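Spelled out from the first residue to the last, the chains are:
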Amino acid sequence: MSIFYSCFNGLESCDEFEKTWHDMIAQFKWEVNSRLSDLYNIRSKRYAPLNKDVFSAGILSTQRRERTINVLNDI
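Every value quoted in this text rests on a predicted model; they were computed, and no experiment measured them. (Residues numbered from 1 in each chain as written. Predicted model: local features only at pLDDT ≥ 70, side-chain atom pairs only at ≥ 80, totals over all residues. Heavy atoms only, no water.)

## What to know about the packing of aromatic side chains
Then step 1. Counted by the stated rule, this structure contains 5 aromatic pairs.
Then step 2. Measuring from ring centre to ring centre gives 6.3 Å for phenylalanine 4 and tryptophan 21, while their planes differ by 50°; the resulting arrangement is tilted. With phenylalanine 4 in helix α1 (residues 2-9) and tryptophan 21 in helix α2 (residues 14-28), this residue pair connects regions lying 17 residues apart in the sequence.
Then step 3. Taking relative accessible area as the criterion, tryptophan 21 reaches 3% and is therefore assigned buried.
Then step 4. Ring centres of phenylalanine 17 and tryptophan 21 lie 5.8 Å apart, and the angle between their planes is 25°; on these two criteria the pair is classed as stacked. (Phe/Tyr/Trp six-rings, centres within 6.5 Å; stacked < 30°, edge-to-face > 60°. Helix = DSSP H or I, 4+ residues; strand = E, 2+ residues; numbered from the N terminus. Buried < 20%, exposed > 50% of the residue type's maximum accessible area, 1.4 Å probe, protein only.)

The structure is reproduced here in structure tokens:
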């Protein structure tokens, strides 16, 4: 689990992410895991260094989610 979490929280560059991700997949023989494949395919939405070109006003995706839930609850 620590390797998985480090892919999204502890790395500074896209190259580090790619290497750590592929090492994790190879180490645990998860090449055919469809959920991990899906997660990898949307990595640009989850991994901060891949979002450097996207303006977000410093708002994290978790903050957007929480705010959306609050707005929907108010409605």
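More follows now that the structure is in view.
## With respect to unusual backbone geometry
Then step 1. The backbone of lysine 29 shows a phi angle near 55°, a positive value even though the residue is not glycine.
Then step 2. The topology assignment puts lysine 29 in the loop between α2 and α3 (34-41).
Then step 3. A relative accessible area of 64% means that lysine 29 is categorised as exposed.

## Considerations on the side chain of threonine 20
Then step 1. Following the sequence through the fold, threonine 20 ends up in helix α2.
Then step 2. Here glutamate 16 takes part through its backbone oxygen, which lies 2.8 Å from a polar atom of the side chain of threonine 20.
Then step 3. Those residues within four positions of threonine 20 in sequence are excluded, and the remaining contacts are Ile3, Ser6, Cys7 and Leu11. (Polar contact = N/O pair within 3.5 Å; in protein donor to acceptor, adjacent residues only side chain to side chain. Contact = heavy atoms within 4.5 Å.)

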